[in-house]
Amino acid sequence: MSNKDGSVGSMLIKDLPISKEFKDLLNSLGYSTLYPPQQEAIEAGLLDGKSMLIATPTASGKTLIAMIASVRALEHGSKVVYTTPLRALANEKYDEFRLLESLAFNGRSSKVRVMISTGDYDSSGEELGSADIIITTNEKMDSLFRHRASWISDVGLFVFDEVHMLADRERGATLEMMLARTSMSNAQVLALSATVSNAEEIASWLNSILINTEWRPTKLVEGVYSHGLIHYSNGTTTKIATSAYGASIDLAIDALKDEGQALVFAESRKKAVSLALKAAEAIRSMIGDSDKAKIKPYIDELIEKDGNELAERLAEVMGRCVAFHHAGLSPIARRIVEDAFRDRALKILTATPTLAAGVNLPARRVIISSISRYDMEYGANMSITVNEYKQMCGRAGRPKYDTHGEAIIVAGSHDVDELIEHYINGEPEPLRSTLVDERMLRMHVLASIAMSDSISIKDLNDLFAHTLLARQYSARYITPKFESALEYLVVEGLVEELGIGRDGRKNVDRDNDKDEENGNGSRVLRATRFGRRVAMLYIDPETAVLIRDALTRIKRVKDKDLTLALLHLITECPDFYPKLQLRSSDVDEVKMLIDEYGDKFIYEVDEHSISRSLLALYAWIEEYSDKHLLNLGVEPGDMYRMVDSADWLLYSMYELALLLGKKHLLSTIERLRARVEHGVKEELLELVRLEGIGRVRARALYNAGFHDLKSIADASESRLASVRGIGYTLASRIREEASRLLSKK
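Residues numbered from 1 in each chain as written. Predicted model: local features only at pLDDT ≥ 70, side-chain atom pairs only at ≥ 80, totals over all residues. Heavy atoms only, no water.

- Within an unreviewed UniProt entry, the label attached to the protein reads ATP-dependent DNA helicase Hel308, and the organism entered is Candidatus Nitrosocaldus cavascurensis.
- In the Subunit (unreviewed entry) part of its UniProt record, the protein is described as follows: "Monomer."
- According to its UniProt record, the protein has this under Function (unreviewed entry): "DNA-dependent ATPase and 3'-5' DNA helicase that may be involved in repair of stalled replication forks." (UniProt positions renumbered as here; feature names shortened; annotations may be inferred.)

As structure tokens, then:
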């Protein structure tokens, strides 16, 4: 939210035609006047239920616009759904919208209830029906549409945050399909973004009113740094003191005057860490006792909750009020760094560009240390887009503390004028549909068919006619892709045409007792049991086919240990992420693995068909050290995402095995899933059932002779407490829990 300070605008909150309780709440929080974009939205019909695309800079008040619209929906007895692309952002919005929980509407005795849901795509979501406001991620909301949650028809307002994610090649199609569905409904739709160059086209597609303004609460000043000078886009220059630490650090230190903060974007994780180490050394003499006292609680929390080698390096630089932030850090570490920077306990933060698309962390000066960034999918550095640059600029300027914010590009070997022309004066790339990708089209065609008992080709075409894909590409281009996707789904047994079986023979619709054509003479499709389950599991049809075919090849479990075979299978699935390719230094390890276990794979393998992700997952469940994983080039954040991805794929594998009648595989898959979740050998699975016992403590207990729940329940508290990492408090708790679990057997 915004406009607690420096309010600008002529429309007062007290004059809005909304509930007095909400106005009193805003007043108590220090809000009195609307920002210009907020006033424009009100005047354009926000409170009349008009759908809108709000394309305004970061911190210009988009969240308050959404909150005002939410109150209007609640007053009309409707529910509100707010979706974001990231879990961290969903948590941020959940905290903000919980402010409304002090209110009650329509004479109800109960207060507004806000709930958040960001995981478990195979849940019906009916438990969310008791909420008035549901905060969720895009993928979770899409899964709720697929499961046809009964309360969705009660939603009167859908808010889609960071709508520029439409252009994301992996996740944009999901957002596009939800926008298409909701724009066809009677609900009000708010699409929010800071950077949409083709805003008129997107607003027209959504049949919504466009609020498009460059106004921001703090003035944005942009420039390019070269050889000791900042060349601002308005033609002025400023001299910066130089040092041996390099341009990015010199710019960051210059921004620290009068309690300023600097955010430095680096092209890779390695560079972000390197810059943080340099910055920590450079500002050592600037850190006083009060600075150390302010950062200490964050360092203590980091050491307590995340004791790996990377976290130790982070804690070291945090001692000098500097931190680095990238996807290799664990979620806990990233959250601690974000909180410390917001609290101004950190002076300089170095980060990879992914931070620009995430939670809001404003700084007085944003420094783009390089116009390159590492792209994991392509395995090489690529120039940042204008859109990415504008997203980084959005972090410049702290409304509470600064009158202006600066975004400075370090020129390096590039020409200053060219950088100004391309990035500062350039227009962001227009948002283009990613449904054009056949893999994405296949996934969403299946989902659209599975969401109904049956659907005619005509109705399916009508739905996709409302997509951005249909607006931006010709039917001549789309139709072959659409037909190819549909053919794949039919051939692989995920979809069937009513009246025509897979063998080409005529059959009868068992549910509706009608032939292949509906009353309009259009072909009718429905998802098979397999196809419907795949859609509800929220996995790529290609992943499902890969798993199905592999499970069919496994005849008897006793023939071989399936651990490596199943891990290899999931790491080869299109849905697995991140996929880390082998380095030359990994080839010998892979060859040794194949020599020893080659006969245990489902398919024949060689060093070209095994990924570094497989090596990492296998090392994880075999309890290799964090140092070994780091030597593999796998940092805690990478491992977290691999475990999260593998967990869902193993769950999906279990469900598909159940559907296919492969009951002899279920316990094997279930045990492997538990091992992946906890990162342990099979002998520790019973111990990690205890709350507070992770892989390290479980191994310590096992090595001390505690091999099962009974041995823990029967042990003395003092003997348990003597085990490394346990102590008396935890010993007492796990003894009680072990006894309780044993009594339930």
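### Focus: the overall build of the protein
Here is step 1 of the chain: Helix and strand content of the protein: 30 helices and 20 strands.
Here is step 2 of the chain: Relative to a compact globule of 745 residues, whose C-alpha radius of gyration would be 27 Å, the protein shows 28 Å and is just as compact.
Here is step 3 of the chain: Principal-axis analysis of the C-alpha atoms places the extent of the protein at approximately 75 × 75 × 60 Å.
Here is step 4 of the chain: Here the protein, with 745 residues, has 56% of them falling under the buried criterion. (Helix = DSSP H or I, 4+ residues; strand = E, 2+ residues; numbered from the N terminus. Rg over C-alpha atoms; globule rule 2.2 N^0.38 Å. Buried < 20%, exposed > 50% of the residue type's maximum accessible area, 1.4 Å probe, protein only.)

### Brief notes about the confidence of the model for the protein
Here is step 1 of the chain: When the pLDDT values of the protein are averaged, the result is 91; 94% of them are 70 or greater.
Here is step 2 of the chain: Within the protein, the lowest mean pLDDT, 78, falls on strand β15 (residues 372-375), and the highest, 98, falls on strand β5 (residues 155-160).
Here is step 3 of the chain: Predicted confidence for residues 1-7 stays below pLDDT 50, and this span has 29 contacts to residues more than four positions away or in other chains.
Here is step 4 of the chain: Taken as a whole, residues 508-516 scores under 50 in pLDDT and shows 18 contacts with residues more than four places along the chain or in a different chain. (pLDDT = per-residue confidence, 0-100. Contact = heavy atoms within 4.5 Å.)

### Describing the domain arrangement of the protein
Here is step 1 of the chain: Once the domains are mapped, the protein shows domain 1 (13-212), domain 2 (219-424), domain 3 (438-501 + 522-537), domain 4 (539-679) and domain 5 (687-744).
Here is step 2 of the chain: Using C-alpha coordinates to define each centre, domain 2 is positioned 45 Å away from domain 3. (Domains from an automatic or database assignment.)

### Details of the packing of helix α8 (residues 247-254) against helix α9 (residues 269-282)
Here is step 1 of the chain: For the pair α8 and α9, interaxial distance at closest approach is 10 Å and the crossing angle is 50°. In terms of orientation, α8 lies oblique with respect to α9. The two elements α8 and α9 cross, and the hand of that crossing is right-handed. Note on element contacts: α9 touches α8 through Leu 275, Lys 278, Ala 279 and Ala 282, opposite Ser 248, Ile 249 and Ile 253.
Here is step 2 of the chain: Here the contact of α8 with α9 is built from residues that sort into 5 nonpolar, 1 polar and 1 charged. (Axes fitted to C-alpha atoms, helices over the stretch in contact; angles between N-to-C directions. Parallel < 35°, antiparallel > 145°, perpendicular 65-115°, else oblique. Left-handed = near helix turned anticlockwise from the far one by under 90°. Nonpolar A, V, L, I, M, F, W, Y, C, P; charged D, E, K, R; others polar.)

### Let's talk about helix α30 (residues 727-744)
Here is step 1 of the chain: The first and last C-alpha atoms of α30 sit 26 Å apart over 18 residues, in line with the 26 Å expected at 1.5 Å per residue.
Here is step 2 of the chain: Considered for burial, the residues of α30 that qualify are Leu 730, Ala 731, Ile 734, Glu 737, Ala 738 and Leu 741. The arc enclosing the buried residues of α30, seen along the axis, measures out at 140°, which places them on a common side. Among the exposed residues of α30, those oriented more than 90 degrees off its buried face are Tyr 728, Thr 729, Glu 736 and Ser 743.
Here is step 3 of the chain: Where α30 is buried, its residues touch α27 (695-703), α28 (709-714) and α29 (717-721). (Expected span 1.5 Å × (residues − 1). Arc of directions from axis to C-beta.)

### A short note on the sheet that holds strand β4 (residues 133-137)
Here is step 1 of the chain: Pairing is parallel in the open sheet, where 7 strands are placed in the order β3-β4-β2-β5-β6-β1-β7. Edge positions in the sheet fall to β3 (114-117) and β7 (209-212), since each has one partner strand and no second. Ignoring strand direction, the axes of neighbouring strands in this sheet form an average angle of 15°.
Here is step 2 of the chain: In the sheet, strand β2 (residues 79-84) pairs with β5 via 5 bridges, with the strands oriented parallel. Pairing of Lys 79 across the sheet is with Val 155, part of β5. (Pairing = 2+ DSSP bridges.)

### Observations regarding the pairing of strand β11 (residues 262-265)
Here is step 1 of the chain: Where burial is concerned, the two faces of β11 agree: the one with Ala 262 and Val 264 and the one with Leu 263 and Phe 265 are both buried.
Here is step 2 of the chain: With 4 bridges joining them, β11 and strand β13 (residues 348-351) adopt parallel strand pairing. Looking at β13, one finds that Ala 262 is bridged to Ile 348.
Here is step 3 of the chain: Relative to strand β14 (residues 365-368), β11 runs parallel, the two sharing 4 bridges. The residue of β14 that forms the bridge with Leu 263 is Val 366.

### Some points on the pattern of salt bridges
Here is step 1 of the chain: Tallying each qualifying case throughout the model produces 48 salt bridges.
Here is step 2 of the chain: Two residues, Arg 269 and Glu 635, come together in a salt bridge whose shortest N-O distance is 3.0 Å. Taken together, the residues Arg 269 in helix α9 and Glu 635 in the loop between α24 (626-631) and α25 (636-659) connect sequence positions 366 residues apart.
Here is step 3 of the chain: Residue Asp 339 is joined to Arg 342 by a salt bridge in which the shortest nitrogen-to-oxygen separation is 3.3 Å. Pair noted here: Asp 339 and Arg 342 are both in helix α12 (residues 331-342), with a separation of 3 residues, about one helical turn.
Here is step 4 of the chain: The class of Arg 342 is partly exposed, set by a relative accessible area of 37%.
Here is step 5 of the chain: One continuous salt-bridge network, built from bridges that share partners, spans Glu 92, Glu 301, Lys 305, Arg 335, Asp 339 and Arg 342. (Salt bridge = Lys/Arg side-chain N within 4 Å of Asp/Glu carboxyl O.)

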